[in-house]
Amino acid sequence: MLRSRFFVRSSRSILLAGLVASACAVVDQNRREYLADPTMQLQDDPLEARAGPKLWTSREGAAGGDAKPAGGGCGCSN
Amino acid sequence: MAMRNPPVAAVGARTEGRSASPRWVAWLCVLTIAAGPAGVEAGRPRALRIRRPPKIEDLWLRFTFFDQYGRGFQSKAGPPRGPGSERLIVYQPSVMLVVRQGNPRWTHQIAFALDVVSSASADGLDAVSSASRDNEAGELDVVSTYTTDAGTQWSLRYGFHFEEPLRSGFFGVGWARGFADDNTTISYNSQFVFDSFDDIDPLGYSVVEARRYTISDNVSLAQVLSPTTLLGASYGLTFQSGRLATTWNSVYVEDAIKKHCPDDPTQSSAYDCPNRRPERMPPTRMRHAFSLQLLQHAPRTRTTAKLGYRYYIDDFNLRAHTPSISLYQWLGRRAYVRVTYRNHLQTGVSFYTVGTRTEIPEDMPLTADSDLAPFSAHQFGMAAVIYLVGPRSLRGTQALDIGYNRYQRSNDLRVNVFSIGYARHF
């Protein structure tokens, strides 16, 4: 019960932060050239983004989150 | 490497926009959000109505090699009291395609990875099982995305994973939506993972089949802060239940030697004697992870800095802080290099031990898994990405990258990771 409340609160906070932050956005489409630079992506190559964290999800006890599922598939308990 | 066209000198073509207009722009954005779907991305619907034959839009190929050395107290590949070897080599070829369906609202991202693993578990299991030597694992992961008139994206994620002692399937749904002229993107996804595996004990015997269930919910935000600054944030909740232990992991119990191996007190190997008990985990685990990323581009030097921080906490009393930094530097128009550093500091679970003197009651959790121990890890990496110039007949953008990472842990684990990748946007 406590944990689901925690999840709801965290989700609400992120949604609220997103809505508030978007109200401050002032960057027009024609001023986003640098944001389109290949180095300015939140995620690099999608296959690299899968292979790299494999080390962390299989060898660190703190996997999970990061918009990816944890705990399944690797044959280990992490 | 992100599959975008390299910027053309990334400078001269820049269109100077209006300077930030303070109050009325903010009000306009709020009204835009309030207006909902009809106000967003007005140009998209018509393009999405045009039907074309299915087309491969992107292709990625990657080969990754993991070379691991180390010792851990859960492994039997060593003296009875441990620690045992964690030597491991993994060859991982993988491929990913993005296919746009005839109905252009649908795209499918299809990824397949194959792992060829040597010594996946303690070598001692090979006496009765081949689960630990030259094991192969494969995974198919498909994300099908539907884009609505308003630019909202709905996605389905499904696939399976197999390896010798384990079969796994997963299914999930996702939602993503841009707000305020795509200055803000909020996304949510929920996934269910079902694992079924052979319950191989530390002696290598498998009597029953075990199961594990995982539900994961994630919400994330990407926010444009300025023409050169981007912020990302996410929160993930993961709940697991079932058999959470790595079933062949073991814990040294001193009493067990007296009880089961009285005639061989000088044994030199942990393989033959049941002086170790299987690790035991609680039946459920709840995990929370928060992460932040800040990206800043410096147009003058064509440098990008990516700062990250992640905080993790779960009900095994494990907490972790993970700061990271990546620096990207363009070298000319068609190549850039990347250097990264990541530090991971974790407290370890409350029931971690390297061994016990006496037997622990059956209902108490116990593990000697070095991955669940307190430790700090440092990772250094470097990579180079080159955009290739092909013959005119080859349309689209091509890129080649090569990288190396060194991962080193305070509790005796070292991993070298080499990778080479190719990407093509058609």
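Residues numbered from 1 in each chain as written. Chains lettered and ligands numbered in written order. Predicted model: local features only at pLDDT ≥ 70, side-chain atom pairs only at ≥ 80, totals over all residues. Heavy atoms only, no water.

S.K.: Tell me about the overall build of chain A, and name the residues and values.
M.R.: When its secondary structure is counted, chain A shows two helices and zero strands. Every one of the 78 residues in chain A was classed for burial, and the buried ones make up 53%. Carbon and sulfur atoms make up 63% of the accessible area of chain A, which amounts to about 3,300 Å² in all. (Helix = DSSP H or I, 4+ residues; strand = E, 2+ residues; numbered from the N terminus. Buried < 20%, exposed > 50% of the residue type's maximum accessible area, 1.4 Å probe, protein only. Areas by Shrake-Rupley, 256 points an atom, 1.4 Å probe, with all protein chains shown as cover.)

S.K.: Explain the side chain of Ser241 of chain B to me, using residue names and the numbers behind them.
M.R.: Note on placement: Ser241 of chain B falls in strand E10 (residues 229-242). The contact partners of Ser241 of chain B, leaving out residues within four places of it in the chain, are Arg211, Arg212, Tyr213, Pro283 and Thr284 of chain B. (Contact = heavy atoms within 4.5 Å.)

S.K.: Tell me about unusual backbone geometry, residues and numbers included.
M.R.: Residue and element names in this part refer to chain B. Even without being glycine, Asp181 reaches a positive phi, approximately 55°. Inspection of the secondary structure puts Asp181 in the loop between strand E7 (166-179) and strand E8 (184-200). Backbone geometry places Asn317, a non-glycine residue, at a positive phi of 65°. Looking at the secondary structure, you find Asn317 in the loop between strand E14 (303-314) and strand E15 (319-330).

S.K.: Provide a residue-level description of the pattern of salt bridges, including the pertinent values.
M.R.: Using the criterion set out here, one finds 23 salt bridges over all chains in the structure. Residue Arg87 of chain B is joined to Asp67 of chain B by a salt bridge in which the shortest nitrogen-to-oxygen separation is 2.6 Å. Of this pair, Arg87 of chain B sits in the loop between strand E2 (84-85) and strand E3 (88-100) while Asp67 of chain B sits in strand E1 (residues 55-72), and the two are 20 residues apart along the sequence. On the basis of relative accessibility, which here comes to 11%, the residue Asp67 of chain B falls in the buried class. Where salt bridges share partners, they join Asp44 and Glu48 of chain A together with Lys306 and Arg338 of chain B into one cluster. (Salt bridge = Lys/Arg side-chain N within 4 Å of Asp/Glu carboxyl O.)

S.K.: Could you give an account of the pairing of E10 of chain B, with specific residues and numbers?
M.R.: Along any regular strand, the residues point their side chains to alternate faces of the sheet. All names here are of chain B. Counting buried residues along E10, eleven of its 14 residues qualify, which places the element largely inside the surrounding structure. Bridge analysis of strand E9 (residues 206-226) against E10 gives 14 bridges, and the strand direction is antiparallel. What sits directly across from Ser226, in E10, is Thr229. The turn linking E9 back onto E10 is made up of two residues. Pairing geometry for E10 and strand E13 (residues 284-298), over 13 bridges, is antiparallel. Within E13, the residue paired with Thr229 across the bridge is Gln296. (Pairing = 2+ DSSP bridges.)

S.K.: With reference to specific residues and values, describe the pairing of strand E5 (residues 135-147) of chain B.
M.R.: Residues and elements named next belong to chain B. In this sheet, E5 lies alongside strand E4 (residues 106-118) in antiparallel orientation, the contact comprising twelve bridges. Paired with Phe112 across the bridge in E5 is Leu140. In the sheet, E5 pairs with strand E6 (residues 153-163) via eleven bridges, with the strands oriented antiparallel. Among the inter-strand pairings, Ala137 is bridged to a residue of E6, identified as Glu163. Linking E5 back to E6 in an antiparallel pair, the connection comprises five residues, with Gly151 at a positive phi of about 90°.

S.K.: An account of the nonpolar core is needed here, citing residue identities and associated values.
M.R.: Core analysis: the biggest nonpolar cluster contains twelve residues, these being Ala62 of chain A together with Leu244, Ala245, Met281, Ala289, Tyr312, Phe316, Leu318, Ala320, Val349, Phe351 and Leu372 of chain B. In this structure, Val90, Val117, Leu413 and Val417 of chain B belong to the second largest nonpolar core, which totals eleven residues. (Core = buried A, V, L, I, M, F, W, Y, C linked by side-chain atoms within 4.5 Å.)

S.K.: Talk me through the confidence of the model for chain A; I want residue IDs and the actual numbers.
M.R.: Considering every residue of chain A, the mean pLDDT works out to 70; 50% of them sit at 70 or more. Scored below 50 in pLDDT, residues 69-78 of chain A makes 51 contacts in the model with residues more than four places away or belonging to other chains. (pLDDT = per-residue confidence, 0-100.)

S.K.: Give me the packing of aromatic side chains: which residues, what numbers.
M.R.: Under the definition given, this model contains 14 aromatic pairs over all chains. Here Phe290 of chain B and Tyr311 of chain B contribute two aromatic rings whose centre-to-centre distance is 6.5 Å and whose plane-to-plane angle is 25°, an arrangement assigned as stacked. In this pair, Phe290 of chain B sits in strand E13 while Tyr311 of chain B sits in strand E14, placing the two residues 21 residues apart along the sequence. A ring pair is formed by Tyr328 of chain B and Tyr336 of chain B, whose centres lie 6.0 Å apart and whose planes are at 55°; its orientation type is tilted. Using a relative accessible area of 1% as the deciding quantity, one classes Tyr328 of chain B as buried. Among the aromatic residues, ring-to-ring pairing joins Phe65, Tyr91, Tyr404 and Phe418 of chain B into one connected group. Above the plane of the ring of Trp56 of chain A lies Arg342 of chain B, whose end atom (NZ or CZ) is 3.9 Å from the centre. Across the ring face of Phe375 of chain B, the terminal group of Arg409 of chain B is positioned such that the distance to the ring centre comes to 4.3 Å. (Phe/Tyr/Trp six-rings, centres within 6.5 Å; stacked < 30°, edge-to-face > 60°. Lys NZ or Arg CZ within 6 Å of the ring centre and 35° of its normal.)

S.K.: Could you give me a rundown of the environment of Gly82 of chain B, with the residues and numbers involved?
M.R.: Residues and elements named next belong to chain B. Tracing the sequence through the fold places Gly82 in the loop between E1 and E2. Separated by 273 residues in the primary sequence, Gly82 and Gly355 place their C-alpha atoms 8.8 Å from one another. Gly82 has contacts with Phe73 and Arg276, leaving out every residue within four places of it along the chain.

S.K.: So what's going on with helix H2 (residues 46-59) of chain A? Residues and values would help.
M.R.: Taking 1.5 Å as the rise per residue, H2 of chain A with 14 residues should run 20 Å; its terminal C-alpha atoms sit 21 Å apart, in good agreement. The axis of H2 of chain A is deflected most strongly, by about 30°, at Pro53 of chain A. The inward-facing, buried residues of H2 of chain A contact E1, E3, strand E16 (335-346), strand E17 (375-388), strand E18 (397-409) and strand E19 (413-425) of chain B. Two or three places before Leu47 of chain A, at the opening of H2 of chain A, Asp45 of chain A has a side-chain oxygen 2.7 Å from that residue's backbone nitrogen. (Expected span 1.5 Å × (residues − 1). Bend = angle between axes of the 7 residues up to and from the residue. Polar contact = N/O pair within 3.5 Å; in protein donor to acceptor, adjacent residues only side chain to side chain.)

S.K.: So, the side chain of Thr367 of chain B: which residues are in play, and what are the values?
M.R.: Residues and elements named next belong to chain B. Residue position: Thr367 is located in the loop between E16 and E17. Classification of Thr367 by relative accessible area gives buried; the value is 0%. Within the structure, Thr367 has its side chain in polar contact with the side chain of Glu279 (distance 2.6 Å). If sequence neighbours within four positions are ignored, Thr367 has contacts with Val251, Glu279, Met281, Val349, Phe351, Tyr352, Thr353 and Leu372.

S.K.: Lay out the environment of Arg71 of chain B with the relevant residues and their values.
M.R.: All names here are of chain B. Residue placement: Arg71 occurs in strand E1. Note on Arg71: relative accessible area 37%, which makes it partly exposed. In this structure the C-alpha to C-alpha distance between Arg71 and Gly84, which are 13 residues apart in sequence, comes to 5.2 Å. When residues no more than four places from it in sequence are discounted, the contact partners of Arg71 are Pro79, Pro83, Gly84, Ser85, Glu86, Asn411 and Asp412.

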